[in-house]
Each structure stands twice: as C-alpha cells, then as structure tokens.
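Structural description and commentary
What follows is each chain in one-letter form.
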Amino acid sequence: MNHLPAANDISLVNLAARQRMLSQRLALQILLAAQGRDGMEQAAQATLRLFADSQAQLLSTVGRLPAVDAAALKAVYQGPGGLQRLIDSFITQAKDALAPGPLQARALAWLVDHIDEVLTALNTATTAFDQISTRKEASLMKELRGIVGDIQSVAREAKVVSFNAQVIAARAGSVGREFAVVASTLSTISTEVDTLARKGMALATR
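Position numbers for residues count from 1 along each chain, tracking the sequence in the order it is written. Where local features are concerned, this predicted model is filtered to residues with pLDDT of at least 70; where side-chain atom pairs are given and counted, the filter is 80 or more; whole-chain, interface and lining totals use all residues. Hydrogens and waters are ignored; side-chain quantities use all the structure's heavy atoms.

As for helix 3 (residues 67-78)
Labels follow the DSSP assignment, with helices taken as runs of H or I lasting at least four residues and strands as runs of E lasting at least two, numbered in each case from the N terminus. What a helix is expected to span follows from its residue count: subtract one and scale by 1.5 Å. For helix 3, spanning 12 residues, the distance from its first C-alpha to its last is 15 Å, which sits close to the expected 16 Å at 1.5 Å a residue. Buried, partly exposed and exposed residues are distinguished by accessible area as a fraction of the type maximum, computed with a 1.4 Å probe on protein chains only: under 20%, between the cut-offs, and over 50%, respectively. Those residues of helix 3 lying buried are D69, A70, L73, V76 and Y77. Viewed along the axis of helix 3, the buried residues span an arc of 125°, placing them on a single side of the element. With respect to the buried face of helix 3, the exposed residues turned more than 90 degrees away are A67, V68 and Q78. The criterion used for residue contact is that any of the two residues' heavy atoms lie within 4.5 Å. Against helix 2 (40-60), helix 4 (84-97) and helix 5 (104-172) lie the buried residues of helix 3. To obtain the arc, one takes the directions from the helix axis to the C-beta atoms.

Side note on the confidence of the model for the chain
Each residue carries a pLDDT value, the predictor's own confidence for that position, ranging from 0 to 100. Per-chain confidence: the chain averages 82 in pLDDT, with 89% of residues scoring 70 or above. Here helix 6 (residues 177-204) stands out as the element of the chain with the lowest mean pLDDT, 71, in contrast to helix 4, whose mean of 95 is the highest. This stretch, residues 1-9, has a pLDDT under 50; its non-local contacts, to residues over four places away or in other chains, come to 15 contacts.

Some remarks on the layout of surface pockets
Counted as a void, the largest pocket has a volume near 210 Å³. Residue lining of the largest pocket: S11, L12, V13, L65, P66, D69, F129, I132, S133 and K136, and that is the complete set. With four residues, helix 5 is the single largest residue contributor to the lining of the largest pocket. The residue inventory of the lining of the largest pocket, partitioned by class, reads six nonpolar, two polar and two charged. Only protein atoms enter the 1 Å grid used here, on which a cavity is any set of points holding a 1.4 Å probe that cannot leave and a pocket is any open set flanked by protein within 12 Å on both sides along at least five of seven lines; residues with an atom within 4 Å of a point are listed as lining. Grid points are joined across faces, edges and corners, and a volume is the space filled by probe spheres set on the points. Classification used: nonpolar for Ala, Val, Leu, Ile, Met, Phe, Trp, Tyr, Cys and Pro, charged for Asp, Glu, Lys and Arg, polar for all others including Gly.

Concerning helix 5
Its 69 residues give helix 5 an end-to-end C-alpha distance of 96 Å, which sits within 8% of 102 Å, the value for a rise of 1.5 Å per residue. To get the bend at a given residue, fit one axis to the seven residues ending there, fit another to the seven starting there, and take the angle between those axes. In the structure, helix 5 departs most strongly from a straight axis at H114, where the bend amounts to approximately 55°. A positive backbone phi angle near 70° is found at G173, which sits one or two residues after helix 5.

A few points about the packing of helix 1 (residues 12-34) against helix 4
The interhelical angle for the contact between helix 1 and helix 4, taken along N-to-C directions, is 25°, at an axis separation of 10 Å. Viewed along their axes, helix 1 and helix 4 adopt a mutual orientation that is roughly parallel. For the element pair helix 1 and helix 4, the recorded crossing hand is left-handed. Within the contact between the two elements, helix 1 uses S23, L26 and I30 and helix 4 uses F90, A94 and A97. What counts as an axis is a line fitted to C-alpha atoms, over the stretch in contact for a helix, and the angles between N-to-C directions run from 0 to 180 degrees. Put simply, angles under 35 degrees are roughly parallel, angles over 145 are roughly antiparallel, angles from 65 to 115 are roughly perpendicular, and the rest are oblique. Each crossing is labelled by how the near helix is turned from the far one, with a counterclockwise turn of less than a right angle marking it left-handed and a clockwise turn marking it right-handed.

Some thoughts on the packing of aromatic side chains
Between 30 and 60 degrees the pair is tilted, below 30 it is stacked and above 60 it is edge-to-face, where a pair is any two Phe, Tyr or Trp rings, Trp via its six-membered ring, whose centres lie within 6.5 Å. Throughout the structure, instances matching the rule amount to one aromatic pair. Residues F51 and F90 carry aromatic rings whose centres are separated by 5.3 Å and whose planes lie at 70° to one another, so their mutual orientation is edge-to-face. You can see F51 sitting in helix 2 and its partner F90 sitting in helix 4, a full 39 residues away along the chain. As far as the burial class goes, F51 and F90 line up, both buried.

So, the side chain of Q55
Summarising the element assignment, Q55 is placed in helix 2. Each residue touching Q55, except ones within four places of it in the same chain, is listed here: Q19, Y77, Q84, I87 and L122.

Considerations on a nonpolar patch on the surface
By definition, no residue in a patch forms a salt bridge, and every one has over 30% relative accessible area; like charges are joined within 9 Å, nonpolar side chains (Val, Leu, Ile, Met, Phe, Trp, Tyr) within 5 Å. Only the protein chains shown count as cover for residues, with accessible areas throughout obtained via the Shrake-Rupley method and a probe of 1.4 Å. Take a side-chain nitrogen of Lys or Arg and a carboxyl oxygen of Asp or Glu: if they are within 4 Å of each other, that pair is a salt bridge. Taken together, L140, M141 and L144 make up a surface patch of nonpolar side chains, about 230 Å² in accessible area. Structurally, L140 can be placed in helix 5.

Some remarks on the environment of Y77
Here Y77 shows up in helix 3. Linking Y77 and L59, residues 18 residues apart in sequence, is a C-alpha distance of 8.7 Å. Setting aside chain neighbours within four positions, we find Y77 in contact with Q55, L58, L59, G82, L83, Q84, I87, A125 and F129.

The structure is reproduced here in structure tokens:
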C-alpha cells in the first residue's frame, strides 16, 4: 500500500528528493518480485508509475520557470552528460524487468549495475532544484526588504507631516483643536505603521 503524498502536495525540491528514495524502493521491489515474493510485482508496478509520473511533473515545470532557472535545469537534464537519458533508461529497464520475456534477465542485470549511477543522477537533480529554490527565496526576501523599506519611508514622512500639523494647530489656538486631533491621530497611526515595518524588516533579515 502506497502511503506517499501525492506529487501535487509537495514542493519541487521534495519531489526531486523523493525520486531518489523511489528509485531505491523500485529496484528492491523488482528484485524481490524476480525472486517470486508475493505482492512485490504489483508493488513495483505502483512504484514505477509513481516514479514516472513524478519525473514527468518535474520536467513539465521547466517551461514555467524563469529563463535563468529553466536554462539551469535544461543543462542538468539535457546538456552534455545530462541526466534525462539515464533516468529514461532506468524507467525502461524497470518496465522490462517486470515483464516476463527475453529482456527480463538483461534488464535486471542493468538495474543492479546502474542503480548507484541512477542515485547519483537523482541527487544531482535534487541539488539543482534546491539551488533554484534558494535563489527564489533570496529574491523574495530582497523584494520584501524593499517593500518594508518603502513603508518605513512613508511612516517617517507621515510623522513629519503630523509634527508640522500639530505645530500649526497649536499656533491656531482654539480654532485648531479639531485639526490637532487629526494630527495626533496621524502621529499614532504612523508610529504603529513604523513599528510593524520594523517587525517586518526583522523577519526579512533573519
């Protein structure tokens, strides 16, 4: 029984990392199925479908990523020494190993001989997705710091306006009382905005 989360429920980094674990599980299940272990063939078929679907989902994201990130992933998967050919071969050999026939023995031998290479390739892919995620987080934090900085600037300007308004209200005497109330309220609001902005900056710079 498969207790893994659906592919849509996890991040791309975790999805890529899960592929490594799935490949190990799949190779083990196939070997146990070849030994006649009950239920292992069905389990292996399910794991193979999950692995292939997850891989397709990872690759489908390339076209939706920013150009720099898309180019980085294409280089990893399709460039010189790219991973995609090896991963495709792994899926093909897994299918052959689960299908009784003349190709089964050769496919089993291929899986045994290449599993370490496959694991290394999947780990490389995980690293690539992790680097993209890290760059995205850094970009978001930079944007957040900019927004918070703008808020602080507005709060400072509001304080200056409030101070000037209170001075004018004081000079106006009784005529300026209502204006003084508005100026005081503006000062309170600007102080609260500045406090919130400082909290936001503290979070953005952790």
